[in-house]
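If you want the building blocks of each chain, they are given just below.
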Amino acid sequence: MKEITDIVKAYQRANRQQLQTVLATVVHVEGSAYRQPGARMLITERGELTGAISGGCLEGDALRKALLVIQQQRSQLLTYDTNDEEDNTLGIGLGCNGIIHILLEPVNAEDPFNPVMLLAQLLEQRQPGVVVTLFNLQNRRAVQPGTCLVQVAGKTIYNNSGDPAWLNNTAQAFFKKQSVIFSRDEITGLIAYYPPPIQLLVAGAGNDVLPLANIAAILGWSTHVADGRPGYATPERFPSADSAVTAKASDILNKWKPDAFTAVVLMTHNYRYDLVLLQHFIQTTVPYIGVLGPAKKLQRMITELEDSGTTLSFIQREKIYGPAGLDLGAETSEEIALSVISEVKAAIAATNAAPLRTKSTTIHARERQIIL
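Everything quoted here is computed from the prediction, not taken from an experiment.

1. A look at the packing of helix α5 (residues 210-218) against helix α10 (residues 333-349)
Line of reasoning, step 1. It is at 8 Å that the axes of α5 and α10 come closest, and there the two elements cross at 50°. The orientation of α5 with respect to α10, classified from their angle, is oblique. Crossing of α5 against α10: the hand is right-handed. Between α5, through P211, L212, I215 and A216, and α10, the contact on the second element is made entirely by S333, E334, A337, L338, V340 and I341.
Line of reasoning, step 2. Looking at the contact of α5 with α10, its residues break down into eight nonpolar, one polar and one charged.

2. Looking at the side chain of S339
Line of reasoning, step 1. Summarising the element assignment, S339 is placed in helix α10.
Line of reasoning, step 2. For S339, the side chain forms a polar contact with the main-chain oxygen of L326, separated by 2.6 Å.
Line of reasoning, step 3. If we ignore the near neighbours within four places in the chain, the residues touching S339 are G325, L326, L328 and A330.

3. Quick notes on the UniProt feature "domain: XdhC Rossmann" (unreviewed entry) in the protein
Line of reasoning, step 1. Residues annotated by UniProt as "domain: XdhC Rossmann" (unreviewed entry) correspond here to residues 200-344.
Line of reasoning, step 2. Secondary structure within residues 200-344 divides into 39% helix and 17% strand; the distance between the first and last C-alpha atoms comes to 9 Å.

4. Some remarks on the UniProt feature "domain: XdhC- CoxI" (unreviewed entry) in the protein
Line of reasoning, step 1. In the numbering used here, UniProt assigns the feature "domain: XdhC- CoxI" (unreviewed entry) to residues 17-81.
Line of reasoning, step 2. Secondary structure within residues 17-81 divides into 22% helix and 38% strand; the distance between the first and last C-alpha atoms comes to 36 Å.

5. Structural notes on the packing of aromatic side chains
Line of reasoning, step 1. Tallying each qualifying case throughout the model produces four aromatic pairs.
Line of reasoning, step 2. Ring geometry for F174 against Y193: centres 6.4 Å apart, planes inclined by 90°, an arrangement best described as edge-to-face. One end of the pair, F174, is in helix α4 (residues 164-176); the other, Y193, is in strand β10 (residues 187-194), and 19 residues separate them in sequence. Like F174, the residue Y193 is buried in the burial classification.
Line of reasoning, step 3. Taken together, a centroid distance of 6.2 Å and an interplanar angle of 40° make the contact between W256 and F281 tilted. Of this pair, W256 sits in the loop between α6 (249-255) and β14 (262-266) while F281 sits in helix α7 (residues 271-281), and the two are 25 residues apart along the sequence.
Line of reasoning, step 4. According to the relative accessible area criterion, F281 is buried, its value standing at 1%.
Line of reasoning, step 5. Seen from the ring of Y232, R229 lies directly overhead, with NZ or CZ sitting 3.9 Å from the centre.
Line of reasoning, step 6. A cation over a ring is seen here: R300 above Y271, with NZ or CZ 3.9 Å from the ring centre.

6. What about the packing of α7 against helix α8 (residues 295-307)?
Line of reasoning, step 1. Look at α7 against α8: their axes get within 11 Å of each other, and the N-to-C directions meet at 60°. It follows from the interaxial angle that α7 and α8 lie oblique. Between α7 and α8 lies a crossing of right-handed hand. Facing Y271, R272, D274, L275, L278 and Q279 of α7, the residues of α8 in contact are K297, L298, R300, M301, E304 and L305.
Line of reasoning, step 2. The residue inventory of the contact of α7 with α8, partitioned by class, reads six nonpolar, one polar and five charged.

7. Overview of helix α1 (residues 2-16)
Line of reasoning, step 1. Between its first and last C-alpha atoms α1 spans 21 Å; for 15 residues at 1.5 Å apiece the expected length is 21 Å, and the two agree.
Line of reasoning, step 2. For α1, the secondary structure elements touched by its buried residues are β1 (21-31), β2 (40-44), β3 (49-51), β5 (98-107), α3 (115-120) and β10.

8. Some details on the domain arrangement of the protein
One widely used convention gives an interface's size as the accessible area the parts lose upon coming together.
Line of reasoning, step 1. For the protein, the assigned domains read domain 1 (1-194) and domain 2 (199-349).
Line of reasoning, step 2. Inter-centroid distance (C-alpha atoms) of domain 1 to domain 2 is 36 Å.
Line of reasoning, step 3. The partner domain 2 presents eight residues to the four residues of domain 1 that form the contact.
Line of reasoning, step 4. Summed over the three residues of domain 1 that lose the most area to domain 2, namely K2, R126 and P128, the buried surface amounts to 93% of that side.
Line of reasoning, step 5. On the surface where domain 1 and domain 2 come into contact, there are one salt bridge.
Line of reasoning, step 6. With a closest N to O distance of 2.8 Å, D259 and R126 form a salt bridge.

9. Looking at the side chain of T21
Line of reasoning, step 1. Locating T21 in the fold gives a position in strand β1.
Line of reasoning, step 2. Not counting the four nearest positions on each side in its chain, T21 is found in contact with Y11, A14, L42, I43, T44, I70, E105, P106 and V107.

10. Here's the deal with the pairing of strand β8 (residues 155-159)
Line of reasoning, step 1. As judged from the four bridges shared by strand β7 (residues 146-152) and β8, these two strands associate in the antiparallel manner. Within β8, the position partnered with V150 by the bridge is Y158.
Line of reasoning, step 2. Linking β7 back to β8 in an antiparallel pair, the connection comprises two residues, with A153 at a positive phi of about 55°.

The rules we used
- Residues numbered from 1 in each chain as written.
- Predicted model: local features only at pLDDT ≥ 70, side-chain atom pairs only at ≥ 80, totals over all residues.
- Heavy atoms only, no water.
- Axes fitted to C-alpha atoms, helices over the stretch in contact; angles between N-to-C directions.
- Helix = DSSP H or I, 4+ residues; strand = E, 2+ residues; numbered from the N terminus.
- Parallel < 35°, antiparallel > 145°, perpendicular 65-115°, else oblique.
- Left-handed = near helix turned anticlockwise from the far one by under 90°.
- Contact = heavy atoms within 4.5 Å.
- Nonpolar A, V, L, I, M, F, W, Y, C, P; charged D, E, K, R; others polar.
- Polar contact = N/O pair within 3.5 Å; in protein donor to acceptor, adjacent residues only side chain to side chain.
- UniProt positions renumbered as here; feature names shortened; annotations may be inferred.
- Phe/Tyr/Trp six-rings, centres within 6.5 Å; stacked < 30°, edge-to-face > 60°.
- Buried < 20%, exposed > 50% of the residue type's maximum accessible area, 1.4 Å probe, protein only.
- Lys NZ or Arg CZ within 6 Å of the ring centre and 35° of its normal.
- Expected span 1.5 Å × (residues − 1).
- Domains from an automatic or database assignment.
- Buried area = accessible area lost by both parts, 1.4 Å probe.
- Salt bridge = Lys/Arg side-chain N within 4 Å of Asp/Glu carboxyl O.
- Pairing = 2+ DSSP bridges.

Right under this line is the structure:
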């Protein structure tokens, strides 16, 4: 979702400067590619690029084609065959072993439902959303419908698809929590699934939290920091966080709004403070609660909770990660932050965080293609 946020911000800047823009979207991939369907990039008439559609191999050619799209004000479907490593058509050997289809759409600033404004709808709520982009693979010279339907949490925000079948097909993307592709007659539709950005709630504002907040900001996560000690959780110390407050543990419960895309990290180094928050957040839908410190500390906390009448279910116990972090051999606060952030990402993405070389399948989950 960070890419979408950056694109919307870049579009707003370009609009203020009265610059024309084009939205590039990876709509379909056959074989392997660096970016998967749903990846997007904004291109301005000055050649400024925000987002990415490849590892840097296709951007130059896409920029040249985008200038033509701006001139003609007509969407264009590009196809790049990267199977041949000896093919220097684009000035570089790509070697991705795939065929990549990219749709270029001119963005009309006067249209409140232009493709970038539709993407902006995803940012207004912390809910999963889908964006439907229609294109004609069989005839690249035909009219390319483009971005035409947006749903957030199953609610239709905009629909100009002209066919109720596309609206009916979005349910599969929400159910599978991944993008799907449907083909109907000559038109193919990418139903791109976008979860909301991860929300990171950090109890503790010591120096070891600073790199944690900074890495989360780079990833585009919504980060909130709290500590009971005066002078620690301040906006000045945590400029990259969305909020930093000084509050008692009991007061934090009213300030933070956890959801199914939230990770809580307890690292105040204050046992009682962390215990109050653990007892509360274990009752919520958060999929990750990280407890910094030795395993004996966490076991003591669980025992104390059970002695006080709070019996943890298997599901509740499974979402407690303590000691927090992946085993990276971390020593410094920066390395520990990387370890914790990596574990949070893996937990919310429901992956096992194993080395990619051990995978027997493709790196990225393939979008499912269905012919109607």
